[in-house]
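The primary structure of each chain is shown beneath.
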Amino acid sequence: VFRIEQYLNHKRPIPTKINQPFCTSEFLFSMKSYDHLKGVSERKFLPNKSEDGLVNPIPQVKNLTEFGQRVYWALQKNETSWILLNFAAIYWRVAGNSYEAIECLRRALDVSPRIHKDLALVSLANILHQSKYSLDAAILMHSALEITNDYDIIYFTLGNIYGALGQYDLADICFKYVYELQPDFEAARLRMHAARCEHKMNLILNKDQNVLNKNDEDEKKEDEELSIRKQIIEEHKKEIGYPLNKYNIYNAFELPEN
């Protein structure tokens, strides 16, 4: 367990001029930071949204200005600390700046020990998921699964991602697993049932769609048959000649125009 107080100086008074913890250490393209994912490569264009929910599990962030200043000071001393880079990413997520948060997480992924990469992976996955890059987020969460033992957190997040992707059967599996790990996790139970309802509804809708498709095919076949019959009648009229055309004895066989 990493305590924020161990890495930030809380005795130093906050100055009048506030600094923000930008992650500016030199860093190029890297597969380790998942730069090949579309959401990461397009990070400059992601929407910005403050993740206020991080304040509850991380109370130090409640005073965001002070937290950011202290992370800034710490980064000045060690700009390649994977822990501080994760702290900086938290600051930017709460501040509502997706690009700067991802810049910090890219560097964190590059320098983090393998056993701790899940912290940055989950953080990056949440940003991309909220930015509608849910498929990229799923890839990151599966990478985190190979590292972490916090299966409840990973599978709960993965369930939300699969739900957003419309993969309700997979979402159900994830939420069920979380609920089995933590039977008192009410949110997991509720989302498990919601995913099952959505999955069943999709099955019904798909079944109805298949019936509609079959009906469309039948109607198309009937139209083709009617068209052939109409063509035969018209050709037969020509063969019989004028007298019968004059009296229009084929009225009984006239077909409606398409």
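The preceding data block contains the structure.
Before going into details, it helps to say that this report is about the structure given with it. Chains are numbered independently. Their residues run from 1 in the order of the written sequence. Totals for whole chains, interfaces and linings use every residue, but because this is a predicted model, local features are given only for residues with pLDDT of at least 70 and side-chain atom pairs only at 80 or more, for both listing and counting. The basis for every side-chain value is the complete set of non-hydrogen atoms in the structure, without hydrogens or water.

Remarks on unusual backbone geometry
Most peptide bonds take the trans form, and the phi angle of most residues other than glycine is negative.
1) Next: Not every positive phi belongs to a glycine, and Y34 is a case in point at roughly 60°.
2) Next: Secondary structure elements follow DSSP: runs of H or I no shorter than four residues count as helices, runs of E no shorter than two count as strands, and numbering proceeds from the N terminus. Relative to the elements of secondary structure, Y34 occurs in the segment before α1 (38-41).
3) Next: Of note in this structure, K132 is not a glycine but carries a positive phi near 75°.
4) Next: Take K132: it is sitting in the loop between α5 (117-130) and α6 (134-145).

Section: the packing of α5 against α6
1) Next: Every axis corresponds to a line fitted to the C-alpha atoms, with the helix fit spanning only the stretch in contact, and the corresponding angles, defined between N-to-C directions, vary from 0 to 180 degrees. In contact at an axis separation of 8 Å, α5 and α6 are set at 165° when each is read in the N-to-C sense. Here α5 lies roughly antiparallel to α6, going by the angle between them. Two packed elements cross with a definite hand, and for α5 against α6 that hand is left-handed. Between α5, through D118, L121, V122, L124, A125, L128 and H129, and α6, the contact on the second element is made entirely by S134, D136, A137, L140, M141, S143 and A144. With respect to orientation, any angle under 35 degrees is reported as roughly parallel, any angle over 145 as roughly antiparallel, any angle of 65 to 115 as roughly perpendicular, and every other angle as oblique. Crossing handedness is read from the near helix: turned anticlockwise from the far helix by less than a right angle, it gives a left-handed crossing, and turned clockwise, a right-handed one. Residue contacts are defined here by distance: any two heavy atoms, one from each residue, within 4.5 Å place the two residues in contact.

Some thoughts on helix α4 (residues 98-111)
1) Next: Given the number of residues in a helix, its expected span is that number minus one, multiplied by 1.5 Å. Look at α4: 20 Å from first C-alpha to last across 14 residues, which is about the 20 Å you get at 1.5 Å a residue.
2) Next: When a residue's accessible area, from a 1.4 Å probe over protein chains only, is under 20% of the maximum for its type it is buried; when over 50% it is exposed; and in between it is partly exposed. Across the 14 residues that make up α4, a large majority, eleven, are buried.
3) Next: In this fold, the buried residues of α4 make contact with α1, α3 (82-95) and α5.
4) Next: The opening residue of α4 is N97, an N-cap whose side-chain oxygen sits 3.4 Å from the backbone nitrogen of Y99. Polar contacts here mean pairs of N or O atoms no more than 3.5 Å apart (in protein, one a potential hydrogen donor and the other a potential acceptor; neighbouring residues in sequence count only if both atoms are side-chain atoms).

Topic: the state of the cysteines
1) Next: In this description, a disulfide is simply a cysteine sulfur pair whose atoms lie within 2.5 Å. Evaluation of the coordinates by the stated rule reveals one disulfide.
2) Next: A sulfur-sulfur separation of 2.0 Å characterises the disulfide bridge that pairs C23 with C104. Measuring handedness by torsion sign, the sulfur bridge of C23 and C104 sits at about 95° and is right-handed. Of this pair, C23 sits in the segment before α1 while C104 sits in helix α4, and the two are 81 residues apart along the sequence. Each member of the pair C23 and C104 is classed as buried.

A look at the layout of surface pockets
1) Next: We place a 1 Å grid over just the protein atoms. Points where a 1.4 Å probe fits but has no way out form a cavity, open points with protein on both sides within 12 Å along at least 5 of 7 lines form a pocket, and any residue with an atom within 4 Å of a point lines it. Grid points are joined across faces, edges and corners, and a volume is the space filled by probe spheres set on the points. A volume near 1100 Å³ is recorded for the largest pocket.
2) Next: Lining the largest pocket are 35 residues, with I58, I90, L119, V122 and I153 sitting closest to its centre.
3) Next: Secondary structure elements with two or more residues in the lining of the largest pocket: α3, α5 and α7 (151-164).
4) Next: It is α3 that provides the largest number of residues to the lining of the largest pocket, a total of seven residues.

Let's talk about the nonpolar core
Generally speaking, a soluble globular protein has its nonpolar side chains buried in company with each other.
1) Next: Remark: nonpolar core denotes a set of buried residues (Ala, Val, Leu, Ile, Met, Phe, Trp, Tyr, Cys) joined through side-chain atoms within 4.5 Å. L8, F67, F87, L124, L128 and L140 are the most contacted members of the largest nonpolar core, which totals 60 residues.
2) Next: For this core, the secondary-structure elements that each account for two or more residues are α2 (64-77), α3, α4, α5, α6, α7, α8 (168-181) and α9 (186-240).
3) Next: At eleven residues, the largest contribution of residues to this core is made by α3.
4) Next: Looking at this core, you find at least three residues from each of domain 1 (19-148) and domain 2 (150-247).
5) Next: Leave out the neighbours within four places in its chain, and L128 touches G39, V40, L46, I102, Y133, S134, D136, A137 and L140. Residue ranges assigned to each domain were obtained from an automatic or database domain assignment.

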